[in-house]
Amino acid sequence: MATRLQFENSCEIGVFSKLTNAYCLVAIGGSENFYSTFEAELADVIPVVKTSIAGTRIIGRLCAGNKNGLLLPHNTTDQELQHLRNSLPDQVVVQRIEERLSALGNCIACNDHVALTHTDLDRETEEMIADVLGVEVFRQTIAGNILVGSYCAFSNRGGLVHPHTSIEDLDELSTLLQVPLVAGTVNRGSEVIAAGLTVNDWTAFCGSDTTATELSVIESVFKLREAQPSAIVDEMRKSLIDTYV
Amino acid sequence: MPRKPTRRRQLLKAQPFTFSSFARVASAYKVKRQIRHSKVYRKSFPNSSGNGFIDHAPPDKSEQSESSDEEEFEGVVQADFAFFDPKPDDFHGVKVLLQTYLDDKQWDLSGFVDLILGQTTVGTVVKTEDDEDDGLYSVVSTLNLGRYKDHKCIMELKECLLKVCQEKDVLDNLRSLLGEQAQNVGLLVSQRVVNLPPQLLPPLYDALFDEVSWATEDEPTEELRNSFCFKFYLLVSRIYKHKNAVQKKGPSSSSDEAIIYIKTEDEIFHQLSSWSFSFPLRTQQLATRELRNYRLMGLVMVVEADKVSMFRQQLQSLINES
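Residues numbered from 1 in each chain as written. Chains lettered and ligands numbered in written order. Predicted model: local features only at pLDDT ≥ 70, side-chain atom pairs only at ≥ 80, totals over all residues. Heavy atoms only, no water.

What follows is about the overall build of chain A. Scanning chain A for helices and strands turns up eleven helices and 15 strands. Over its C-alpha trace chain A gives a radius of gyration of 17 Å, about what one expects of a compact globule, namely 18 Å for 245 residues. Dimensions of chain A along its principal axes, counting C-alpha atoms only, are 45 × 40 × 40 Å. For chain A, the residues scored as buried account for 53% of the 245 residues in total. When the accessible surface of chain A is totalled, it reaches about 10,600 Å², and 50% of it is carbon and sulfur. Counting 17 positive and 32 negative side-chain charges, chain A places the centres of these two groups 3 Å from one another. (Helix = DSSP H or I, 4+ residues; strand = E, 2+ residues; numbered from the N terminus. Rg over C-alpha atoms; globule rule 2.2 N^0.38 Å. Buried < 20%, exposed > 50% of the residue type's maximum accessible area, 1.4 Å probe, protein only. Areas by Shrake-Rupley, 256 points an atom, 1.4 Å probe, with all protein chains shown as cover. Lys, Arg positive; Asp, Glu negative; His and termini not counted. Charge placed at Lys NZ, Arg CZ, Asp CG, Glu CD.)

This next bit is on the side chain of Glu-265 of chain B. All names here are of chain B. With respect to the helices and strands, Glu-265 occurs in helix H9 (residues 264–272). For Glu-265, a relative accessible area of 0% puts it in the buried group. Sequence-distant contacts of Glu-265, defined by excluding residues within four places in its chain, comprise Ser-190, Arg-192, Leu-201, Tyr-205, Phe-311 and Leu-315. (Contact = heavy atoms within 4.5 Å.)

Listed by partner, the interface residues are nine residues for chain B and eleven residues for chain A. When chain B packs against chain A, close to 860 Å² is buried across both sides, 28% of that on carbon and sulfur atoms. When the buried surface of chain B facing chain A is broken down by residue, His-92, Gln-99 and Gln-106 of chain B rank first, second and third, together holding 49% of it. Counting across the interface, chain B meets chain A through two salt bridges. Close ionic contact of Asp-209 of chain A with Lys-95 of chain B constitutes a salt bridge, the shortest N to O distance being 2.7 Å. Connecting chain B to chain A are nine residue pairs in polar contact (both at pLDDT 80 or more). Secondary structure elements with two or more residues in the side of chain B that touches chain A: helix H3 (91–97) and helix H4 (109–118) of chain B. When residues of the side of chain B that touches chain A are assigned to their parent elements, the largest contribution, three residues, is made by H3 of chain B. Residues of the side of chain B that touches chain A, tallied by class, amount to two nonpolar, four polar and three charged. (Buried area = accessible area lost by both parts, 1.4 Å probe. Salt bridge = Lys/Arg side-chain N within 4 Å of Asp/Glu carboxyl O. Polar contact = N/O pair within 3.5 Å; in protein donor to acceptor, adjacent residues only side chain to side chain. Nonpolar A, V, L, I, M, F, W, Y, C, P; charged D, E, K, R; others polar.)

Moving on, we get to the sheet that holds strand E7 (residues 93–96) of chain A. Residues and elements named next belong to chain A. Across the sheet, three strands lie side by side as E5-E6-E7; this open sheet has mixed pairing. Among the strands making up the open sheet, the edge pair consists of strand E5 (64–65) and E7. Here four bridges tie strand E6 (residues 69–72) to E7, and the two strands are oriented parallel to one another. Within E7, the residue paired with Gly-69 across the bridge is Val-93. The sheet contacts of helix H4 (residues 78–87) involve E6 and E7, and relative to E7 the element is tilted by about 170 degrees. Against the sheet, helix H6 (residues 123–133) contacts E5, E6 and E7, and its axis sits at roughly 150 degrees relative to E6. (Pairing = 2+ DSSP bridges. Axes fitted to C-alpha atoms, helices over the stretch in contact; angles between N-to-C directions.)

Turning next to the sheet that holds strand E1 (residues 2–5) of chain A. All names here are of chain A. The strand order across the open sheet formed by three strands is E1-E15-E14, and the pairing between neighbours is mixed. Of all the strands in the sheet, the pair left with one neighbour each is E1 and strand E14 (197–199). For this sheet, the mean angle separating the axes of adjacent strands, direction not counted, is 15 degrees. Relative to strand E15 (residues 204–207), E14 runs antiparallel, the two being bridged by three bridges. Along E15, the bridge assignment pairs Val-199 with Ala-204. In the packing of helix H2 (residues 32–42) onto the sheet, contacts are made with E1, E14 and E15, and the angle to E1 comes to roughly 170 degrees.

All names here are of chain A. Under the defined criterion, the tally for this structure stands at five cavities of 30 Å³ or more. Roughly 330 Å³ of volume is contained in the largest cavity. Only strand E2 (17–19), E5, strand E8 (108–110), strand E11 (152–154) and E14 provide two or more residues apiece to the lining of the largest cavity. Across the lining of the largest cavity, the residue classes tally to eleven nonpolar, 13 polar and four charged. (1 Å grid on protein atoms, 1.4 Å probe; cavity = no way out; pocket = protein on both sides within 12 Å on 5 of 7 lines; lining within 4 Å. Points joined across faces, edges and corners; volume = space filled by probe spheres on them.)

Turning our attention to the nonpolar core. By size, the foremost hydrophobic cluster in this structure holds 51 residues, and its most contacted members are Leu-98, Tyr-101, Phe-112, Leu-187, Leu-234 and Phe-277 of chain B. Look past the residues within four positions of Leu-98 of chain B in its chain and what remains in contact with it is Leu-109, Phe-112, Val-113, Ile-116, Val-189 and Gln-191 of chain B. If you look at the next biggest cluster of nonpolar residues, it comprises 33 residues, including Phe-7, Phe-38, Val-49 and Val-94 of chain A. (Core = buried A, V, L, I, M, F, W, Y, C linked by side-chain atoms within 4.5 Å.)

Another point: the environment of Ile-262 of chain B. Residue and element names in this part refer to chain B. Here Ile-262 shows up in the loop between strand E6 (259–261) and H9. Here the alpha-carbon distance between Ile-262 and Leu-296, two residues 34 residues apart in the chain, equals 9.8 Å. Apart from residues lying up to four places away in sequence, Ile-262 is in contact with Arg-238, Ile-239, Tyr-240 and Leu-296.

So, about the packing of helix H5 (residues 152–164) of chain B against helix H6 (residues 168–178) of chain B. Residue and element names in this part refer to chain B. With their axes 10 Å apart at the nearest point, H5 and H6 run at an angle of 170 degrees to one another. The angle between H5 and H6 places the two elements in the roughly antiparallel class. Facing Lys-158, Leu-161 and Leu-162 of H5, the residues of H6 in contact are Leu-171, Leu-174, Arg-175 and Leu-178. Residues of the contact of H5 with H6, tallied by class, amount to five nonpolar, no polar and two charged. (Parallel < 35°, antiparallel > 145°, perpendicular 65-115°, else oblique.)

Taken by themselves, the reported measurements are silent on function.
Listed below in structure tokens is the structure:
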């Protein structure tokens, strides 16, 4: 189910939060409402962690992560790094990387299997991404924009991209990512998808300006209507291999 | 989407680019042409705050328009601004400008923006001529508090103003203005980017007050016509107040001003206001060296509608001399 909310009058939810299948990061400040909305949806399933990155609240745009790991920019302070290492589950590898393009959330879009990155990212960073996040990395642009992390949001089940993406690009990206993609908007016509929306496999949060049409597109492309978090743990448990002896 | 021409009958000649009623009149005053050939667009005002102003060295260059050569950018930008009626497409631009209207309080800002955009007869947005840019530089409008009193955003706004008013003597005035007299009160909303050229201000405010008087004649129903017969204008704005609260109006030993007005016209409004109060803001202000002795405060003023013509004259002379 998709939830609409605001952070201090701003509808840019994806700027102030980061949601994955294993954890959720939320910015400090704003009213308690913001934090408690996330808690209400997620508390039983994944940890919701309040943090800052580099002393700022724009954590969603500075970090990139999935259930395997979290990548932080070089200006993350040691205390923040330690706090995140302590608060996140052990299987999540938290890594601070030296990369000139420090807004990792704007440069990297990923789910648990594939990542799309900014074309100018360093080779070492690309290797780090593949290593820490356990994904296959593709350098791409979206509708001519190099900030792939800003103009698309995708989970393991579907993705939403910039409204001006051509059909050919949509097909190409869909093949790379192996998920259905749709070109659309969020927050009443805003093209910066990842700023207005944050999503994982069973839930999504978007800005309160999002219209009912946009919301129904989001719920259908990310397949949120039937999804329940317990499904991943319960029904799939038989097919998940925990240890290999 | 093509813009529909407004219902104004004062067509002077066909204007291909702008359909705003004001712009047709403006071209008769040749204001736009003046702006077209005007020179420096980043000037400091005498009383302005240093906050947000990029002070380029005043050019002793020629006053000819510069070609847009990126490497030789010397601080002179040529821009054509156009005034338009508010449209639903302007939602995001207007919302960004009004983000801090009520400090950091969480309120129905989207609803408020919708009210402004819904009122096409009174209200102006300032954009550049070339449509692709789509950047909105300023918005002015006046909303009748009585007409919109049932909207959530107006109710929240009234509640917020009543809460922040800490001066007992004006609180009763405020309460009556927001309560029984709401039908006669216009909330004057005026927000713009910090570096908008001041030459635009007189035409912008002229446009607003002219549209208000035209609306009292042209609106389709009597109720609407009466809703624009304002007796008072209510303004919510921001100022920098000196921390030592120097209240004396006479010459003081320090050369610091008691109040620095972020928007120039606020000084004139403040002088002409019947009453006003200031309140502390919760958002942190930028700490610059010039402003270390000042605190950012909100300012609420009420100006009687009769004083509008004086305001227009004073604004014109203030801008012309600076």
